[in-house]
Each structure stands twice: as structure tokens, then as C-alpha cells.
Amino acid sequence: AQSVTQPDIHITVSEGASLELRCNYSYGATPYLFWYVQSPGQGLQLLLKYFSGDTLVQGIKGFEAEFKRSQSSFNLRKPSVHWSDAAEYFCAVASLFSGGYNKLIFGAGTRLAVHP
Amino acid sequence: SQTIHQWPATLVQPVGSPLSLECTVEGTSNPNLYWYRQAAGRGLQLLFYSVGIGQISSEVPQNLSASRPQDRQFILSSKKLLLSDSGFYLCAWTVNTGELFFGEGSRLTVL
């Protein structure tokens, strides 16, 4: 069965510092991978996605993620964190079925706090 | 452009009362629709998905049900709420692009 593990429940970084959020997945075929961000009391916003091709994908808000098949990982990175990046981050893996239906399996999330 | 609306945004209900959460999508046709629940401190759990009008699939056995009376309308219901139904409910849609687009969520508190 597909699964997603985000090993870090909480991470605190200083503003301006670099950030890496870890994500490991379990999926038998080629995975479709996503990172979402959720501000308190809000819905989820897509940061970036990986379907195929270049294993380093760029997203919105200066985020990027690297797909490493050998490590079953899809870690999210940002070179310099801003206070507005404080939020909860979710990694997800999707399985695509015929007709375009897809089911996303989410990790438990990583809550990011940013110190001034 | 496509938009998704959920309401109500916040709901406080007593145990044993009924529930109806509504979700509508605009600007697209024949979307796949989803209901997720997010419990405090936990990830997102897929509750229901629908690939068309009247077509509902349930992912987990529970006290809730879903219906899709129109192409772009998805409703989450319960006849009698339990304390364990409290949580943040998210509706989402997609059309053959892989990623899901989420609504702003509905927070349900059952007392």
C-alpha cells in the first residue's frame, strides 16, 4: 500500500536560514509527488509537483524539491526562509487511474515555526 | 478560472444532531471531487471521492455519507453526529491533472 512519512513533526528555523523538510514515500510504481502548504484554518495550497522528467522541481514562493528514487524521498527545500513561511507542510503521493481519477495519500505534516 | 467553495466555514453541533456540509466547484466540468478530514495534529484522511453524478466511493467506514446531486456539487452528511466526527473537513477537486485543488475548509466541533 502507498504511504508517506514525514519524520519531522515540528521544525523551527531562524528567518533567513535554509530549510529542508523530509518526505519518504512507499509506492510500487513511478510516483506522482506533491508538496502542499496549509496556513492555520485554511485549505491546502499546492507548492510544487513531480510527475516525471527533471528530478529537481521548482515551485511557488521560492521552494524546490528533489525526487530521489533510490532513497524514496522527495524533500522540500528553501534557501532562505521568510517569517511568512510559518505554516504546516504536507507531502503527498498519488496513484493515477484510468479516466484521470487520482487518489492522494498525505503524510502527517510538518509544522514549521520561524523565529525572527 | 476555477474556484471551489465550501460552507459553512465553521459549525458547532451537539452530539446526535444532523450534518450537512456543502461544496461547489465553478469554472470546470465533470471534476473528480473529494472529501478529506483533518483531525487535530494528524494528516489528511480521504473520506469519499466521486467521479461523476451519483457516483460515490467511500474510503473508510464511518458515520458519514456523501452525495453528488449535480456535476459540481458535493455534499457531506450525517444523520447523527458523534464526538469523533469533530475535525476540519476539506473538499477538493481535480480534472485529469494529478494535483488536487482544495477549498478553504469547514471546521466542525461536536459537543
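Before reading on, note that the structure itself is shown above.
Residues numbered from 1 in each chain as written. Chains lettered and ligands numbered in written order. Predicted model: local features only at pLDDT ≥ 70, side-chain atom pairs only at ≥ 80, totals over all residues. Heavy atoms only, no water.

Student: Would you mind going over the overall build of chain B in detail, with residue names and values included?
Tutor: Looking only at helices and strands, chain B has 0 helices and 11 strands in total. Ordered by position in the sequence, the α and β elements of chain B form the string β-β-β-β-β-β-β-β-β-β-β. In terms of overall size, chain B behaves like a compact globule, its C-alpha atoms giving a radius of gyration of 13 Å where 111 residues would be expected to give roughly 13 Å. Taken over the C-alpha atoms alone, chain B extends approximately 40 × 25 × 20 Å along its principal axes. (Helix = DSSP H or I, 4+ residues; strand = E, 2+ residues; numbered from the N terminus. Rg over C-alpha atoms; globule rule 2.2 N^0.38 Å.)

Student: Break down the interface of chain B and chain A for me, with residues and values.
Tutor: The interface is formed by 22 residues belonging to chain B together with 21 residues belonging to chain A. Summed over both partners, the interface of chain B with chain A buries about 1700 Å², with 52% contributed by carbon and sulfur atoms. Of all residues in chain B, Leu44(B), Glu99(B) and Phe102(B) bury the most surface against chain A, accounting for 26% of the area lost on that side. Connecting chain B to chain A are 5 residue pairs in polar contact (both at pLDDT 80 or more). Within the residue set of the side of chain B that touches chain A, elements represented by two or more residues are β4 (32–38), β5 (44–52) and β9 (87–94) of chain B. Per-class residue counts for the side of chain B that touches chain A are 10 nonpolar, 8 polar and 4 charged. (Contact = heavy atoms within 4.5 Å. Buried area = accessible area lost by both parts, 1.4 Å probe. Polar contact = N/O pair within 3.5 Å; in protein donor to acceptor, adjacent residues only side chain to side chain. Nonpolar A, V, L, I, M, F, W, Y, C, P; charged D, E, K, R; others polar.)

Student: Tell me about the side chain of Thr94(B), and name the residues and values.
Tutor: Tracing the backbone shows Thr94(B) in strand β9. On the accessibility criterion, Thr94(B) (0% relative accessible area) is buried. Of the polar contacts made by the side chain of Thr94(B), one reaches the backbone oxygen of Glu99(B); its length is 2.8 Å. Those residues in contact with Thr94(B) that sit more than four places away from it in its chain are Asn102(A), Pro31(B), Asn32(B), Tyr34(B), Glu99(B) and Leu100(B). (Buried < 20%, exposed > 50% of the residue type's maximum accessible area, 1.4 Å probe, protein only.)

Student: Give a detailed account of the state of the cysteines, specifying residues and quantitative values.
Tutor: All chains considered together, the criterion is met by 2 disulfides over all chains. Disulfide pairing is shown between Cys23(A) and Cys91(A); the S-S distance is 1.9 Å. Taking the sign of the S-S torsion, about -65° here, the bridge from Cys23(A) to Cys91(A) comes out left-handed. Here Cys23(A), found in the loop between β3 (19–21) and β4 (24–26), pairs with Cys91(A), found in strand β10 (residues 87–96); they are 68 residues apart in sequence, far enough to count as distant. Residue classification places Cys91(A) among the buried positions, given a relative accessible area of 0%. The partner cysteine of Cys23(B) in its disulfide is Cys91(B), sulfur to sulfur 2.0 Å. Measuring handedness by torsion sign, the sulfur bridge of Cys23(B) and Cys91(B) sits at about -75° and is left-handed. Residue Cys23(B) is located in strand β3 (residues 19–26), and its partner Cys91(B) is located in strand β9; the two are separated by 68 residues in the primary sequence. (Disulfide = S-S within 2.5 Å.)

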